[in-house]
Every structure is written in structure tokens, then in C-alpha cells.
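Okay, here's what each chain looks like letter by letter:
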Amino acid sequence: MSDSTGAPRPERDRPWVMRTYAGHSSAAASNALYRRNLDKGQTGLSVAFDLPTQTGYDPDHPLARGEVGKVGVPVSHLGDMRALFDEIPLARMNTSMTINATAMWLLALYQVVAEEQTEAAGEDPGGALHALAGTTQNDIIKEYLSRGTYAFPPGPSMRLITDLIAYTVAEIPRWNPINICSYHLQEAGATPVQEVAYAMSTAIAVLDAVRDSGQVPPERFGEVVARISFFVNAGVRFVEEMCKMRAFVRLWDEVTRERYGVEDPKQRRFRYGVQVNSLGLTEAQPENNVQRIVLEMLAVTLSKDARARAVQLPAWNEALGLPRPWDQQWSLRIQQVLAYESDLLEYGDLFEGSVVVAEKVDEIVAGAREEMARVEELGGAVAAVEGGYMKSELVASHARRRGRIEAGEEVVVGVNRFESTEPNPLTADLDTAIQTVDPGVEAAAAEAVRRWREERDADDHRRTRAEAALDRLRADATSDANLVPATLECARAGLTTGEWAGALREVFGEFRAPTGVSGSVGAATTTEGLERVRRRVRDTGAELGETLRVLVGKPGLDGHSNGAEQVAVRARDAGFEVVYQGIRLTPEQIVSAAVAEDVHLVGLSILSGSHMELVPDVLERMRDAGAGDVPVVVGGIIPSTDAARLEELGVAAVFTPKDFGLTEIMDRFVDVIRVSREMDPVSTRPLGSTPT
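Rules and cut-offs
- Residues numbered from 1 in each chain as written.
- Predicted model: local features only at pLDDT ≥ 70, side-chain atom pairs only at ≥ 80, totals over all residues.
- Heavy atoms only, no water.
- Buried < 20%, exposed > 50% of the residue type's maximum accessible area, 1.4 Å probe, protein only.
- Helix = DSSP H or I, 4+ residues; strand = E, 2+ residues; numbered from the N terminus.
- Pairing = 2+ DSSP bridges.
- Right-handed = clockwise from strand over helix to strand, strands pointing away.
- Core = buried A, V, L, I, M, F, W, Y, C linked by side-chain atoms within 4.5 Å.
- Axes fitted to C-alpha atoms, helices over the stretch in contact; angles between N-to-C directions.
- Phe/Tyr/Trp six-rings, centres within 6.5 Å; stacked < 30°, edge-to-face > 60°.
- Polar contact = N/O pair within 3.5 Å; in protein donor to acceptor, adjacent residues only side chain to side chain.
- Contact = heavy atoms within 4.5 Å.

1. Structural notes on the pairing of strand E8 (residues 228-234)
Successive residues of a regular strand alternate their side chains across the two faces of the sheet.
For step 1, the next point in the chain: When you tally the buried positions in E8, you get seven out of seven residues, the bulk of the element.
For step 2, the next point in the chain: Of the two faces of E8, the one holding Ile-228, Phe-230, Val-232 and Ala-234 and the one holding Ser-229, Phe-231 and Asn-233 are both buried throughout.
For step 3, the next point in the chain: Inspection of the sheet shows strand E7 (residues 178-181) paired to E8 by four bridges, in the parallel sense. Looking at E8, one finds that Asn-179 is bridged to Ser-229.
For step 4, the next point in the chain: Where E8 and strand E9 (residues 272-276) come together, five bridges link them in parallel fashion. Residue pairing across strands places Asn-233 opposite Gln-275, the latter belonging to E9.
For step 5, the next point in the chain: The parallel pair E8 and E9 is bridged by helix H11 (residues 238-258), and the resulting crossover is right-handed.

See below:
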């Protein structure tokens, strides 16, 4: 191989595994998408499961309403997993599955399908286990802190993780049974120091649990460490993000050597995949997202000594809605141009010996060590979750960041600076700039899972086997037995996702994570605008003779609570009395709380695409409860046509990611309340704009 001058070119590194995070509507539709992406040169799969699947509910469960197939593919049983990977040979695939609470269940289904494929090819199905390569995300700690797709309390959740790690190390040696996820921590507001510290603290909690379980012999513990991988976030601050990854490498080597005595450098290697930052993607001037994605990708590929093993890029229009296949192709081509056209992979580490980089890495490492020590003093990551410490720190950090953006101290191009723009041909027809999920998908999935259960139970042998499998799962859950064998039998016996998780909920119970909101009031800097809004809140309350009360609600299974938390924090900063009960509420529960607390406004936050099902339900229930005069506002990733329809149905205001100014949103809250109470809408109005 030579360059254009005829000189030999250096040997290139093998490119990272290239993925796009994908899945929607149904197993069959997602299978077609995966096969197209693989044909385009994608070298691995990253499976997005829908929220009911991730939280352990079947499509016909009440909590699944509006969520089926929206943010991923619904997988309810073995038949769905077969369809998802039809004609995709799992023994030759590298698959990442974004699942946490139900990780053991989904990996069991995946294993059984791989065995079936191997057997159908006339080979020993047992050999499939040694060939399977990929990752289950399976970091439950960050679910309590950010993403919200937990199903069980922290203790039992850690047991599921421990059992899965012990099983895969023994039986599926090429599989990474857990991805420690700092990605979602950054989206929840973590600084680089917090991201490194909390991810490391989570890894320590997991490794301690596996070691203390006694399921892995001490002499094989290095194999456990070697199978731990990380899933990180790459933000737009290139130097800081690149140094963060080098800090991760140094700390992981230190922890695994000193705390766990792992001597083999290969087993101590920091192995990570990355999704570049979706939090920084903007709805305003979304074309700017392309250069953001490229810069963020460079932060995790340019530094050879801390290079990602797998990369998945979001699409430019994710802040608008569900990307189309063409948008995902664009993201894949970005990776391919960088890997195959540039000379990035032809040289050693470009930053070795840099004084600037060394100083920044030292700074992040020192800060992370201090924060890790603080978490350990509290009893470790699990205790820091249960006590609310880490959540409160993240919410406060996020509030400070939002405050800097609103004050213009942190620039977001096209949002708080350089806002003038030419018409964007990419979004000229917004209805075709994103992909929508057929409304019939949910009804079809609900009917399909009912039919699956009915056909199974109509066969006496299959019904008896399913009942016995569930009985075994419950019994094993009350003992110290590893739960993977019972879970595999549930998969083979035709149990559903909801049945598997439901049996464990009976034994383990459920859990509501701390919201972190109360400890974060006042985190953002007080500005003149905020003082004026406080005066409006106080004056309007005085006119009504009561304190203004706002309910912030998260209906459905959408666990991305960052936005709702920041609204709740700023509302309290503005002087509102705030009712916020966390995630995963039914419309009935939200309306009940609104009536009981006699609130002046209800704010709903939905980012999963279920707004057209859940918001009208809330409106109808408010009217039925005699509270139809209480205004309802909605925030989330909501296309303009849906926003117009919601307003026609009675929603007082719709906020999307372009409405980044929380203080201005609080001002709108006052406007909406005054209009609903037939008060002078401009009385005491401080900010100078016309009320909507």
C-alpha cells in the first residue's frame, strides 16, 4: 500500500465498530432497517428497544399506552426476537443492546435465537455461546440518576447484574455483560469530573458485588474485569472531552490494579463505546448539528491511547423527532469518511507529550478521585443513589449549566448567539424531515402479544411449561440461585416480557428514585429577569389571595426527566409552589394530584413521542374531574403539526427544545395562569414581550 507519491503508507488500525442506534415500530420493520444498514457498511448493530420492553411491560399493559414502538422496537417474546434478527447471523454479529432492567431477559431471548440459528445450520447450538459478541448496557445505577428505565429497587437490580455477569463470564466469554454508562450522566448535567467519578463509582459497586457474591473464583476475577465495558458521552468541548477519556483510561487501570489486584494489562484495558452527545443537538438551525457530531466524534477517535472501540452517531435531526433511514445513513457515512478517507488511523498518539493535555488530564483525575472518595464515604454508589446525593448533584450541575446558557456565558450557536438564519431546505417540509410511527403499530403489537399468550395457553403442554417456568423464576428469586437459568427457561417456554418482569416485581417490589429537585433550588444565578418573574408570581398570587401552585408531571414510561426537573427547579426559584412526583405516572395519577393540590397550572413533559395519546387523556380527565379550567401546558420533542393539534384540543402552550430560556418559560406560566383566571394578562408584566 502506498500514498500518492509512491511512498509506503503506515499500517492502518482496524476501524472501530460502526453503529447507528436504531429500532422502531415492530420487529419486522426494524429487521429490514438493520439489514439495509449492514448492506451500507455498518459493522455492528445497536438495538433500541421501546420503553415498555425496557421497563418490563407488554404492549397491552396500561402503562404502555402511547409508548409502543416509539423510541425503539417492541420485543415481547421469543417470536419477536426471532423476527428482529431474521437472516442476520448472530454468531457473526457484534450487537449492542440498550437495555437495563430487562437486560437478563433480552439477552436470554437473544441467546435462544442464536442457538436456534446455529442448530438450523446443522451445527452444535452450544457453539453459538462461544461465538456471540456484543454488549448489554445493563447499568442500572444511571437509570436512577438520569434515564429512568429501572423496574426494581437498587438491591435486587444489582443482583440481576451480578448474576448476568457471572453467567456470561462462564458461558459467553466474548460478551460484555454490562456497559457502565457515563453517557446519560452527562446528559443529566454531569461535569467531566462528575461523569468520570460516578461512572467509576458504579463500576466499583458492580465489581464489589460480583466479587462478594462468590459466583466467580478469585483466580478468574480478571476475566470479569476484562468483560466490563463503558459507554460514554462525547460533548462538543473537544479538548476537555478528549482529556476526559485519557483520565478514564488512567483511573480504570489504577482501580483494577490496586483495588482488585488484576495484573494482566490486557484485562485492565479501558474498553469503551461512545455515542456522541445528543443533549447538545439543537432544534434551532439543526444543520449545525452535523459539525457538532463530527467534532465530538474526533474527541474519541483522534487520541489513539484512549480511542473508542465502537462509535455510534446520532442523526442531525434527532432534536426534531425520529430520524429517517437517510439521516442514519448520513451519520454512518461521517464515520466511514473519517475512518477510510482520512489518515487518522495511520499514526501513533498525537497528544503524547502535550503539556496542555497532561495538565487537563491531571485536573480531571484529581477531581474525580475526590468525588469518588465522597461517594465511598456515603457507602458507595448504591447508597448514594438511595440517599439522593448523586441525583441532587447532577440536577444542580444541570441547573448551573442552563443558567450559563441563558445568561449567554456559554454560547450555543444558533440558539443564544448568531440566531439569524436563512430558510433551511432540510426542514422546509418538517412533516417529511422526520420519521413517524404508524399509529396502528401499538394496536397491532397489543393484539399480537395477546394472541401469543392465548395460543400458548391453548396448548396444555406449552401452558404447563410456561407456568412451571414462572414458578421456578419466583422460587429462584427468593433464594440465592443465579437467575439466568430460570430466565432462559422462561424464554424457551414462551413467556412474555411483562410476565417475566411481573414475576420479579412480585418478589422484589418496585422503587421510586429520588428526584433531586428539592436540593437544587437556587443553583442557577439570580438574574434581573428572574427577579422580575418572581415579582410577577408574588403579585399574581397576592391578587388571587394564594400562593401560585404548579404541577410538573411525567406521564407514561418516558424516564428522561432532565427537562422536567429543570422546569421544577426554576419554578421554585421563581416563587411557585411546585408539585413534582417524579417519573412514570398515569394520566389518572397526574389529574388526581392536580385536583388534590388545587394547582393553578399543570405542566406535562414528554420526550418519547407519546404526547398525542397521553396529553388528550389528561385534558379529558381534568374536565371529568371538574378541573377543566386549570390550564395545561406541554413540553417535549413535539413536531409543529402535533403542537397545533394539541392547542386545538385545549393545551394552553407547547414548549419545544428551542424554548431554552427557563425564566421566559416561567414568565409564560404566569401569563397562562392570569388568562385562565380572567385577570389582566399584562398587569405587572416585567419582560416587555407580548403575552401569547
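Text resumes after the structure shown.
2. What to know about the nonpolar core
For step 1, the next point in the chain: Ranked by size, the top nonpolar core spans 175 residues in total, and within it Leu-84, Met-390, Phe-576 and Phe-669 carry the most contacts.
For step 2, the next point in the chain: With 25 residues, the next largest nonpolar core counts Val-602, Ile-606, Ala-627 and Ala-643 among its residues.

3. Let's talk about unusual backbone geometry
For step 1, the next point in the chain: A positive phi is found at Arg-584, a non-glycine position, where the angle reads about 60°.
For step 2, the next point in the chain: Counting through the fold element by element, Arg-584 comes out in the loop between strand E12 (577-580) and helix H23 (587-596).
For step 3, the next point in the chain: The backbone of Glu-678 sits at a positive phi, close to 60°, despite the residue not being glycine.
For step 4, the next point in the chain: Along the chain, Glu-678 turns up in the segment after helix H26 (662-676).

4. A closer look at the sheet that holds E12
For step 1, the next point in the chain: The strand order across the open sheet built from five strands is E12-E11-E13-E14-E15, with neighbouring strands paired in parallel fashion. Edge positions in the sheet fall to E12 and strand E15 (653-655), since each of these pairs with one other strand and no more. For this sheet, the mean angle separating the axes of adjacent strands, direction not counted, is 20°.
For step 2, the next point in the chain: Pairing between strand E11 (residues 549-553) and E12: four bridges, direction parallel.

5. Quick notes on the packing of aromatic side chains
For step 1, the next point in the chain: Scanning the entire structure with this criterion turns up 18 aromatic pairs.
For step 2, the next point in the chain: Seen from their ring centres, Phe-85 and Tyr-110 are 5.2 Å apart, and the 85° between their planes marks the pair as edge-to-face. Here Phe-85 is found in the loop between helix H3 (78-84) and strand E4 (94-98), whereas its partner Tyr-110 is found in helix H4 (residues 103-120), with 25 residues between them in sequence. Pair check on accessibility: Phe-85 and Tyr-110 agree, each one buried.

6. Description of the side chain of Asp-58
For step 1, the next point in the chain: By the element assignment, Asp-58 lies in the loop between helix H2 (51-55) and H3.
For step 2, the next point in the chain: From its side chain, Asp-58 meets the backbone nitrogen of Gly-498 in a polar contact 2.8 Å long.
For step 3, the next point in the chain: Those residues in contact with Asp-58 that lie beyond four places of it in its chain are Ala-64, Ser-76, Val-449, Arg-453, Thr-496, Thr-497, Gly-498 and Glu-499.

7. What to know about the sheet that holds E9
For step 1, the next point in the chain: Here we have five strands laid out as an open sheet, ordered E1-E10-E9-E8-E7, and parallel in their pairing. Both edges of this open sheet fall to strand E1 (17-19) and E7, since each of them pairs with a single strand only. Averaged over all pairs of adjacent strands, the angle between strand axes in this sheet comes to 25°, irrespective of strand direction.

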